[in-house]
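Reading the structure
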Amino acid sequence: MSGNDCWVIAADTGPIAGMIAAARSLGGKITAVAAGGRALADKAAAAGPDEVRWFAPSQGSPPETLAPAVARDIAAAAPRVILSLPDAASRVLWAAAAFALGAPAAGAVTQLRAEGDLVLAVRPAAQGKALETIGSQGLLAAVFDAADITYTGPAAPVTEMRPAAGEDKFAAALRLAPGADDGAPEESGLRAAARVIGVGLGVRKRERLAWAESLAAALDAVLACSLPVSDDLEWFGESRVIGISSNRIAPQLYLALGISGQPQHMSGVRDARIVAAVNNDPEAPVFNRCHYGIEGDLAEILPALIDAVNE
Amino acid sequence: MTAQSVKCVLIFKWARNPLDARVGLDGAVDWSFANMAASDDDAAAAVAARNLSDDIVALTLGNGDTAWAAARGASRTVTVPDPRIGLDSSWTARLLAGGVRHIGEVDVVLAGDCAWDPAAPVLLGACLGWPTLAGVIEARREGGGLRVVRRAESGNETLEVTPPVVLAVLARHTEKEPPGMKAILAARKKPVEKMTAADLGAAPAADSLVLCGSALPPATKAQIFAGRDDPAGAAAQLIAALRKEGVL
């Protein structure tokens, strides 16, 4: 185990700079593993680590095939802490390294710090109703799941790594299907939109969608929805759903209409700059997760918002 | 795996339901009310297992309804009634890996890719030393292998997969067709095998995690406008605030 050194793993886009900033609190050297294309390696290098070790998957292989090579590289360095982005591929690589090190593991941590001989990690518990601090006197492997930041310092050097002989054993088992690129699960411009309006069950009546559409037109915003509005009411397709297992977005403004604010949904807008909400329930969790809100009846507030924008 | 059959292990009820945990005024979390529960992701894993195979063995941790997976197609269930799940997700994974090894020749292991514990399913794959895919939203048999769609940050990706493999399945919605009473009653007659951690050869990680504190999240600083008595005024205030923030 090397001091409080930390290795961070990125095999997809995500809050890399936020993860590295959290790791900085430990005081050790930070090494980023980028498992993917050169653009991902460059993104990791620009996010503030001390160095980047870039593993490129072989042609037609997903990043997960690099698990044996990444695990061997990290185990050889024997860092105290290893962190993963929350996406699917990063977690698989992280798990291989965590197991190789024999590290205890925790999911969804948001902050880290060192205190005495402990490394401490904070994570939401009970669906975000509390924040637990967990500690380890030895190693810690954790999935990082918090907002990203902007890092403006110099880029770190990138070293290209290659799997050793026999370390590509998963390449035969996992192959990207040729010609089956499904593309983005959304085609609505949702992820790139500067302003997004989310519609929840609190809108209640489908005819009120026309107001939401008018407000979206007035604000130059894209309409989206919570999962039940797509899944149960079928007012929108799946591509418009915002949530941790659907679309995660980072607009300048997210305006939640009649959305209660369950963690599953709000995790999808965590990187929004400003979150505003309209809800008739003063106890709605969304009011604990927004910057601005209106407590009131959507039937009255929506037309008033349209008037206010057009004034 | 043969051309005719794929043997699946379906893992269910392996995490505590955080919705049942109680939080005190001091931020302390009481997990004693939080039972091991099936998540929506477990149900999605069950659907994926049924799409892949008729030969499904279920694996679960803790007490509770051991017939959950049997009512969804599993022929039998292996359970670890006293799993002593704590803070360390690698312990969960080690137990589950022991269970999979105990079940024997297996082609595909499916578990919910559950936000309650995003670490354990991928650690399970690492414990087994198998190729692993998380964020799986669809799996079906094609040719001599599997065709799996998983969610990446940039979109969906389709993969051709040769077992053995661990698939962590992500739910896109709540369970659409839960089993009826007839299936549940029939499931309760299917065999259940009880194991201990020692039976499964599971050993904890060398280091352990300790709970060092718990607190309420920081109070919100949200500015809430009262729209019940004055909708127009509240709307004007919100729009003015958003313009001042520079987001309109």
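Residues numbered from 1 in each chain as written. Chains lettered and ligands numbered in written order. Predicted model: local features only at pLDDT ≥ 70, side-chain atom pairs only at ≥ 80, totals over all residues. Heavy atoms only, no water.

**Structural notes on the interface of chain A and chain B**
The accessible area lost on association of the parts is a frequent measure of interface size. The criterion, for reference: By the convention used here, residues are in contact when the closest approach between their heavy atoms is within 4.5 Å. Here's the idea: put two parts together, see how much 1.4 Å probe accessible area each one loses, and the total over both is what we call buried area. When a carboxyl oxygen of Asp or Glu is within 4 Å of a side-chain nitrogen of Lys or Arg, the pair counts as a salt bridge. Here a polar contact means two N or O atoms within 3.5 Å. Within protein one must be a hydrogen donor candidate and the other an acceptor candidate, and residues neighboring in sequence count only if both atoms are side-chain atoms. In DSSP terms, a helix is any run of H or I states spanning at least four residues, a strand is any run of E spanning at least two, and both are numbered starting from the N terminus. Residue polarity is assigned by list, with Asp, Glu, Lys and Arg as charged and Ala, Val, Leu, Ile, Met, Phe, Trp, Tyr, Cys and Pro as nonpolar; anything else, Gly included, falls into the polar class. Pairing between two strands requires that DSSP report at least two bridges joining them.
Contact residues are listed per partner, giving 85 residues for chain A and 85 residues for chain B. Between chain A and chain B the total buried area reaches about 6900 Å² when both faces are included, carbon and sulfur atoms providing 58% of it. Considering only the side of chain A, the residues that lose the most area to chain B are Arg91(A), Phe99(A) and Tyr292(A), jointly responsible for 9% of the buried surface there. Taking the shortest distance from any N to any O, the salt bridge between Glu245(B) and Arg273(A) comes out at 3.9 Å. Between chain A and chain B we count 29 residue pairs in polar contact (both at pLDDT 80 or more) in total. Of the residues forming the side of chain A that touches chain B, the biggest block, nine residues, is contributed by helix α4 (residues 88-101) of chain A. The residue inventory of the side of chain A that touches chain B, partitioned by class, reads 49 nonpolar, 18 polar and 18 charged. Inspection of the sheet shows strand β8 (residues 130-136) of chain A paired to strand β14 (residues 209-215) of chain B by six bridges, in the antiparallel sense. What sits directly across from Leu131(A), in β14(B), is Ala215(B).

**Overview of the sheet that holds strand β15 (residues 274-279) of chain A**
Our working rule: What counts as an axis is a line fitted to C-alpha atoms, over the stretch in contact for a helix, and the angles between N-to-C directions run from 0 to 180 degrees.
Reading across from one edge, β13(A)-β12(A)-β14(A)-β15(A)-β16(A)-β15(B) is the order of the six strands in this open sheet, with parallel pairing throughout. One side of each edge strand has no neighbouring strand; the edge strands of this open sheet are β13 (222-225) of chain A together with β15 (223-226) of chain B. On average, each strand axis in the sheet is tilted by 20° relative to the strand beside it, whichever way the strands run. Against the sheet, helix α5 (residues 209-219) of chain A engages β12 (195-199), β13 and β14 (253-257) of chain A, with an angle of about 170° to β12(A). Its contacts with the sheet place helix α5 (residues 231-245) of chain B against β14, β15 and β16 (292-295) of chain A together with β15 of chain B, and it is angled at close to 175° to β16(A).

**Some thoughts on the domain arrangement of chain A**
Residues and elements named next belong to chain A. Our working definition: Residue ranges for the domains trace back to a domain assignment, done automatically or taken from a database.
Under the domain assignment used here, chain A contains domain 1 (2-172) and domain 2 (195-310). Between the C-alpha centres of domain 1 and domain 2 the distance comes to 33 Å. With seven residues of domain 1 at the interface, the matching set in domain 2 holds six residues. Of the roughly 460 Å² buried between domain 1 and domain 2 on both sides combined, carbon and sulfur atoms contribute 38%. For the domain 1 face of the interface with domain 2, the top three residues by lost area are Gln127, Asp145 and Ala147, together amounting to 62%. Counting every contact that joins domain 1 to domain 2 gives two salt bridges. Measuring nitrogen to oxygen at the nearest pair gives 3.9 Å for the salt bridge that ties arginine 248 to aspartate 145. A class-by-class count of the residues in the side of domain 1 that touches domain 2 yields three nonpolar, two polar and two charged.

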